[in-house]
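A closer look at the structure
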Amino acid sequence: MSFTPHGKHLIAGEWVAGSATFLSQPASGRPHVFGAGTAGDVAAAAEAAARAFATYGWSDRAGRAAFLDAIADEIEARAEAITEIGTAETGLPAARLEGERGRTVGQLRLFAAHIRDGAYLDRRVDPALPQRAPLPRPEIRLVQRPLGPVAVFGASNFPLAFSTAGGDTAAALAAGCPVVVKGHPAHPGTAEIVAEAVRAAVRKTGMPGGVFSLIQSDGRAAGEALVKHPAIKAVGFTGSLAAGRALFDLCAARPEPIPFFGELGSVNPVFVLPRALAARGEEIARGWAASLTMGAGQFCTNPGVVVVAAGPDGDRFVAAARAALEGVSPQTMLTDGIAEAYRRGKARLAGHAGVVPVHEADSDGRTAAPNVYETTAAAFLADRALGEEVFGPLGLVVRVKAAPDMVALAESFEGQLTATLQLDDGDVELARALLPVLERKAGRVLANGFPTGVEVCEAMVHGGPYPASTNFGATSVGTMAIRRFLRPVSYQNLPAALLPRDALDA
């Protein structure tokens, strides 16, 4: 099954040609022309979402669950075509796209099951106490209700799982919120075919057309118009710190400020504790190198900083990491711009007075080869720029003189998505000192693993203190992600005929 994009926006169930256009920049194959969304396109989609919310926000959970399952079915029905255009646009290997498609449909089905269960509604009932003295108590019911239309920004590094019908969209639709997606220009054709799947599911299940729209764009104007539109009540975003912070500020500056749930990046530090370093440091180094270079390092959980002791054990770790990286070939990056930013990041570290190379390799065009550098804890603490993310397969080894220095180093990190402890039984006391620091710094703390590979499940937290994300109490992965698009409402003495069905079931 082959797919040729038509380049139109999907607005309220209809394909609409753009008055302005842009040309895609695929990693392979010919480019295609796509509509570049205008403020008018954004307004049409947002207003259609507001109209749809009048019914979709009061729809029953069984109907929404069937809708999510139908989206998953329609994506699977287009599996080969999605892989074909996804690999052409992004340069990601087919196996990666196939795995990501599985994660995407798995998320949709997980949220369908989650809302069928209903526990997420946190329903509470305080019955009336008419005889209570000195004052009677009315009946009060509480239930979680949808916020309203949600804007979702497609991510460059996940064309399926964090984009058109990805986790943010699945969570918002499950909550009862219509969605307007701003597609990412790195993979507009992939966005279009997935939007086609959502449109088919809308028609199959009888949902209102405005429940889902896709606006394509290669610039900032459409995204800015979307977050500023008064019909939009929340935003989900995965991307760079600079872009995310700009949108966050726009959300806060609106006449009616709205929540911005941005996942903005992380260096995901790995602490290799002394006993583990001595016993299996070379094995850990090889695992770190594999995690660092997976997918050309284009994961938000890429472990960009590893902390090890100075001395012979640390030297063996560094040598093993260097040896592992020597066999890694250059990989295609998602866009030319991302590849150029990677080269700038490498140049910044290579030119730093407190940094020495461990493994260096040249990159050109749209490819990236792995690079690793080494510095001391003193140099790292003296310059916060050494702790900034370089998106791609670049790592920094930070050497500490003594084990207690790891705690001071941990304190210096900004908010992270993850933090990892590599430890053996003899490291428990040091780990006990590190853990209170790391759980304040990160949304997920791992032991004896690597953070790449985010499990989609009930207990997952993919978020963390700023700048890893803009809301430390939220997650963009796992069923708890639905909470971002809900708010509690209390109903006092309302007749049963007026209550939402979910409040009646309490």
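Summarised in this report is the structure supplied together with it.

What counts, and where the lines are drawn
- Residues numbered from 1 in each chain as written.
- Predicted model: local features only at pLDDT ≥ 70, side-chain atom pairs only at ≥ 80, totals over all residues.
- Heavy atoms only, no water.
- Salt bridge = Lys/Arg side-chain N within 4 Å of Asp/Glu carboxyl O.
- Helix = DSSP H or I, 4+ residues; strand = E, 2+ residues; numbered from the N terminus.
- Buried < 20%, exposed > 50% of the residue type's maximum accessible area, 1.4 Å probe, protein only.
- Core = buried A, V, L, I, M, F, W, Y, C linked by side-chain atoms within 4.5 Å.
- Contact = heavy atoms within 4.5 Å.
- Axes fitted to C-alpha atoms, helices over the stretch in contact; angles between N-to-C directions.
- Left-handed = near helix turned anticlockwise from the far one by under 90°.
- Nonpolar A, V, L, I, M, F, W, Y, C, P; charged D, E, K, R; others polar.

1. What to know about the pattern of salt bridges
Per the stated rule, a full pass over the model turns up 26 salt bridges. Asp502 is paired through a salt bridge with Arg61; the nearest N and O atoms lie 2.8 Å apart. Of this pair, Asp502 sits in helix H15 (residues 501-504) while Arg61 sits in helix H2 (residues 61-77); the two residues are 441 residues apart in sequence, bridging distant segments of the chain. With respect to class, Asp502 is no different from Arg61; both count as buried. Of the charged contacts in the structure, one is a salt bridge between Arg101 and Glu76, with a shortest N-O distance of 3.1 Å. With Arg101 in helix H4 (residues 94-117) and Glu76 in helix H2, this residue pair connects regions lying 25 residues apart in the sequence. Relative accessible area serves as the criterion here: at 14%, Arg101 is assigned to the buried category. Under the relative-accessibility criterion, Glu76 is labelled partly exposed at 36%.

2. Topic: the nonpolar core
One finds Phe67 and Phe271 to be the most contacted residues of the largest nonpolar core, which totals 95 residues. A per-element tally of this core places helix H6 (residues 188-205) first, with eight residues. If near-sequence neighbours (up to four positions away) are discounted, Phe67 is found in contact with Tyr56, Leu173, Val198, Ala201, Val202, Thr205, Met207 and Val211. With 21 residues, the next largest nonpolar core counts Phe153, Val227, Leu247 and Ile258 among its residues.

3. Things to note about the packing of helix H7 (residues 221-228) against helix H8 (residues 241-253)
Direction vectors running N to C along H7 and H8 enclose 30°, while the axes themselves pass 9 Å from each other. The hand of the H7/H8 crossing is right-handed. Residue-level inspection shows Gly223, Glu224, Val227 and Lys228 of H7 in contact with H8, the latter providing Leu247, Leu250 and Cys251. Considered class by class, the residues forming the contact of H7 with H8 number four nonpolar, one polar and two charged.

No statement about biological role is implied by the geometric values presented.
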